[in-house]
Amino acid sequence: MASGRGLSGMGIHRKRGGGSRLPIVLVIFFSVLAPLIFFVGRGLYTSASIDQNDIPSGSSKQVIDVIAASTVDLGPLSLDSLRKSNMSASWKFVGAETSVENNATSEFLACMLIWLSPTDGRSQLVDTPAKQFRRQLRERRREKRAADLVQQDDEAIVKLENAAIERSKSVDSAVLGKYSIWRKENENDNSDSTVRLMRDQMIMARVYLSIAKMKNKPDLQQELQSRLKESQRALGDTAADADLHHSVPEKIKLMGQVLSKAREQLYDCKLVTGKLRAMLQTADEQVRSLKKQSTFLSQLAAKTIPNGIHCMSMRLTIEYYLLPPEKRKFPGSENLENPNLYHYALFSDNVLAASVVVNSTIMNAKDSSKHVFHLVTDKLNFGAMNMWFLLNPPGKAAIHVENVDEFKWLNSSYCPVLRQLESASMKEYYFKADHPTTLSSGASNLKYRNPKYLSMLNHLRFYLPQVYPKLNKILFLDDDIVVQKDLTRLWSVDLQGKVNGAVETCGESFHRFDKYLNFTNPHIARSFDPNACGWAYGMNMFDLKEWKKKDITGIYHKWQNMNEDRTLWKLGTLPPGLITFYNLTHPLEKSWHVLGLGYNPSVDRSEIENAAVVHYNGNMKPWLELAMTKYRSYWTKYIKSRNMDFGCGDLYVDFGCGVIRPTPIAFVHEPACFLSIVPRV
């Protein structure tokens, strides 16, 4: 039946009674129909095996699609045309109801196309359509995976670039100066060559000018002097070629001609070398002198009080003494000697700095009602300090302000420092008008000749049991620190019988005892280890019970008496502190106290953020214009005021960032700007 249909479909008809054509029919049968029957039978077998093993029912069209896809690149013999919508009815399949005739015909045509397609020496009949389909799926998965990896790589590069951009924004170029490797003059080794050439010409012009004067060459001397002045005016303070005037090349040419003329007439190798050496020595002396002056002025600027803070103190003092006596008292006075509370000692003559210390401690405390602040100041700032905290009370904490000048027991007969400060040699050291440490001469130890060492506020830290006799423990704080975390855990730290709990500051060889003490002195050399680690004042937990047992104040007096001629150490409180608490200091974790914000521009930001206390030790105090901008915000965010008028007469308050406000002002409005007061125009 199948062979009959095949013949009928090909238009071959046998006429009845045509016996004479039998041989022709047999030839046609064996030459044409036999191969057709073979391929049709093979196609039916392959289709049945695929249907049973690999391809679900109703997927005959998928097989045709796979064959079409696999032969699309084989030229004109492709099944793509079979997938078009205008197929004849014999090429359309509907699930399992497709007729056997249509299946057989489609399989036959598919196999014929594969068989007739060109190959690369390997028979494509080896792989079934199902295997080809799976291979294509694997290839598509590989392509998708490769695309995903490329996309992930691109995303990683974008993230790295964004991270680098964000990191570059955090660099504070103001601290490191205005130098940048990206500036135009630093693009290559030959940048600003014109400026350097002009400077070299000016140096040689000065040399030849001196020689011309020596050898009595007035015409050449006048010409050199004229060209030198022109070059000086053209160069001025210019540092980059781009800033030079367009007439500079002509001036360089004229100067070169004069120098060539001077070389021909005046050059003497020995003489020129001597002049250059003399100029180098003169420049070196000028640099040293300027460094000394810079040291003097920086020390002077660091120890002065800004106008705004000074005027604020005067206004507060006036307001305080205008109050009736009953309104000058602080609440919570019953807690001042309660040993079960957390007590702080703060000695300062800077009202604003002291307010930041107190405010930052309270704002980070878990329960402010358990904290007690003991402030000691001098008589000049006593009224201002009281008035500030009357107007800006520290939450529920207790506060007490005392005047150091009212401590009658602190006198020269008891305190060696006071006795030494009253001596003639000490007065000469500080106040002698023709003392060698003037502005013109400078000195390497100018910082030790600072008026703050004349104040007993600086030495009062050695008399804590005398000032607070009923307390067991007290936390000493400097006025240039900022508290960032709750400090109550310090009271539970076991000092292991030591008196002082402090953070050590020594590195491999830095901030050890030999930096502060004179180990050429036999008393120092036999009593202390030069490699012993130093520690920092600023945040210190003192056990006053152990202090009294070990007579710490007596040890301090002993060594202070021995240093009357200042041969053991220079002035200051850290060297005698290192001596007094030698082997009596318990090291605290470094995160309790991070130092350097007053002199070190490279303190790690993560250390600052994680620190319980940050310390602006150094000259660049946060209330000064010298302060480093990158660190100032940690201090200014704790400034607090309540509508106070602390102007200095008819003055404006200048915040240093373009904001001018007439008094009254509130500090909290402009926290990031430097405070100063300027005359009202």
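Let me begin by describing the structure that accompanies this report. (Residues numbered from 1 in each chain as written. Predicted model: local features only at pLDDT ≥ 70, side-chain atom pairs only at ≥ 80, totals over all residues. Heavy atoms only, no water.)

1. Some words on the nonpolar core
Piece 1. Ranked by internal contacts, the top residues of the largest apolar core, which has 58 residues, are L375, L475, L487 and L490.
Piece 2. No other element matches helix α12 (residues 351–363), which puts eight residues into this core.
Piece 3. Every residue in contact with L475, bar those within four places of it in the chain, is listed here: H343, Y344, A345, L487, L490, W491, M539, N540 and M541. (Core = buried A, V, L, I, M, F, W, Y, C linked by side-chain atoms within 4.5 Å. Buried < 20%, exposed > 50% of the residue type's maximum accessible area, 1.4 Å probe, protein only. Helix = DSSP H or I, 4+ residues; strand = E, 2+ residues; numbered from the N terminus. Contact = heavy atoms within 4.5 Å.)

2. Quick look at the side chain of E546
Piece 1. Along the polypeptide, E546 turns up in helix α19 (residues 544–550).
Piece 2. If we ignore the near neighbours within four places in the chain, the residues touching E546 are G497, K498 and V499.

3. Things to note about the pattern of salt bridges
Piece 1. Taken as a whole and assessed by the stated rule, the structure comprises nine salt bridges.
Piece 2. Of the charged contacts in the structure, one is a salt bridge between D284 and R288, with a shortest N-O distance of 2.4 Å. With D284 and R288 both in helix α10 (residues 269–302), this residue pair falls four residues apart, about one helical turn.
Piece 3. Look at R288 and you get partly exposed, because its relative accessible area is 43%.
Piece 4. Of the charged contacts in the structure, one is a salt bridge between E337 and K470, with a shortest N-O distance of 3.3 Å. With E337 in the loop between α11 (307–322) and β1 (342–347) and K470 in the loop between α16 (464–467) and β4 (473–477), this residue pair connects regions lying 133 residues apart in the sequence.
Piece 5. The exposure class assigned to K470 is exposed, which follows from its relative accessible area of 54%. (Salt bridge = Lys/Arg side-chain N within 4 Å of Asp/Glu carboxyl O.)

4. Some words on the sheet that holds strand β10 (residues 613–615)
Piece 1. Taken in spatial order, the three strands make up an open sheet running β5-β10-β9, and their pairing is mixed. Two strands bound the open sheet, and with one partner strand each, they are β5 (481–483) and β9 (593–594).
Piece 2. Inspection of the sheet shows β5 paired to β10 by three bridges, in the antiparallel sense. Its bridge partner lying in β10, I481 is registered against H615. (Pairing = 2+ DSSP bridges.)

5. Some words on the state of the cysteines
Piece 1. Applying the stated criterion to the full structure yields one disulfide.
Piece 2. Each sulfur of the disulfide joining C506 and C533 lies 1.7 Å from the other. For the disulfide bridge between C506 and C533, the dihedral angle about the S-S bond is near -105 degrees, and by the sign convention the bridge is left-handed. Here C506 is found in the loop between β6 (500–502) and α17 (513–516), whereas its partner C533 is found in the loop between α18 (522–527) and β7 (539–543), with 27 residues between them in sequence. Accessibility assignment for this pair places C506 and C533 in one class, buried. (Disulfide = S-S within 2.5 Å.)

6. Here we look at the pairing of strand β3 (residues 398–403)
Piece 1. With respect to burial, β3 is a largely interior element, five of its six residues being buried.
Piece 2. By the bridge criterion, six bridges tie strand β2 (residues 371–377) to β3 in an arrangement that is parallel. In the strand pairing of β3, F373 is matched with I399.
Piece 3. At this point the chain moves from β2, through helix α13 (residues 382–391), to the parallel β3, and the crossover so formed is right-handed. (Right-handed = clockwise from strand over helix to strand, strands pointing away.)

7. Observations regarding helix α20 (residues 552–562)
Piece 1. For α20, the full list of buried residues reads I552, T553, Y556, H557, W559 and Q560.
Piece 2. Tucked inside the fold, the buried residues of α20 contact α14 (416–421), α16, α18, α19 and α21 (574–580).

8. Observations concerning the packing of aromatic side chains
Piece 1. The full count for this structure, using the stated rule, is 23 aromatic pairs.
Piece 2. A centroid spacing of 5.4 Å and a plane angle of 75 degrees characterise the contact between Y344 and W491, whose relative ring orientation is edge-to-face. Taken as a pair, Y344 in strand β1 and W491 in the loop between β5 and β6 lie far apart in primary sequence, 147 residues in all.
Piece 3. By relative accessible area, which is 1% here, Y344 ends up buried.
Piece 4. Residue W491 is classed as buried on the basis of its relative accessible area of 14%.
Piece 5. Between F513 and Y582, the aromatic rings sit 5.4 Å apart at their centres with planes inclined by 55 degrees, giving tilted as the arrangement. Of this pair, F513 sits in helix α17 while Y582 sits in the loop between α21 and β8 (585–587), and the two are 69 residues apart along the sequence.
Piece 6. One aromatic cluster in this structure is built from F347, F476, W535, Y537, F542, W547 and F581.
Piece 7. Above the ring of Y267, the side-chain terminus of R263 is found at 4.6 Å from the ring centroid. (Phe/Tyr/Trp six-rings, centres within 6.5 Å; stacked < 30°, edge-to-face > 60°. Lys NZ or Arg CZ within 6 Å of the ring centre and 35° of its normal.)

9. Points about the sheet that holds β3
Piece 1. Overall, mixed pairing links the seven strands, which are arranged β3-β2-β1-β4-β7-β6-β8 in an open sheet. Each edge of the open sheet is held by one strand with a lone partner, namely β3 and β8. For this sheet, the mean inter-axis angle between neighbouring strands, taken without regard to orientation, is 25 degrees.
Piece 2. As paired strands, β4 and β7 are joined by five bridges and run antiparallel to one another. Counterpart to F476 in the pairing with β7 is N540. (Axes fitted to C-alpha atoms, helices over the stretch in contact; angles between N-to-C directions.)

10. What to know about the pairing of β2
Piece 1. For β2, a buried count of seven out of seven residues is recorded, marking the element as mostly surrounded by other parts of the structure.
Piece 2. By the alternation rule, side chains of β2 split into H371, F373, L375 and T377 and V372, H374 and V376, which are all buried.
Piece 3. Here β1 runs beside β2; their pairing, made up of six bridges, is parallel. Residue pairing in the sheet places L346 in a bridge with L375 of β2.

11. Concerning α12
Piece 1. Between its first and last C-alpha, α12 extends 18 Å over 13 residues, near the 18 Å set by a 1.5 Å rise per residue.
Piece 2. Among the 13 residues that make up α12, 12 are buried, leaving the element largely enclosed by the rest of the structure.
Piece 3. Listing the buried residues of α12 in full gives V351, L352, A353, A354, S355, V356, V357, V358, N359, S360, T361 and I362.
Piece 4. N-cap assignment for α12: the residue whose side-chain oxygen lies 3.2 Å from the backbone N of L352 is N350. (Expected span 1.5 Å × (residues − 1). Polar contact = N/O pair within 3.5 Å; in protein donor to acceptor, adjacent residues only side chain to side chain.)

12. Some remarks on unusual backbone geometry
Piece 1. One non-glycine residue, N216, adopts positive backbone phi at about 60 degrees.
Piece 2. Structurally, the position occupied by N216 is in the loop between α7 (193–214) and α8 (218–235).

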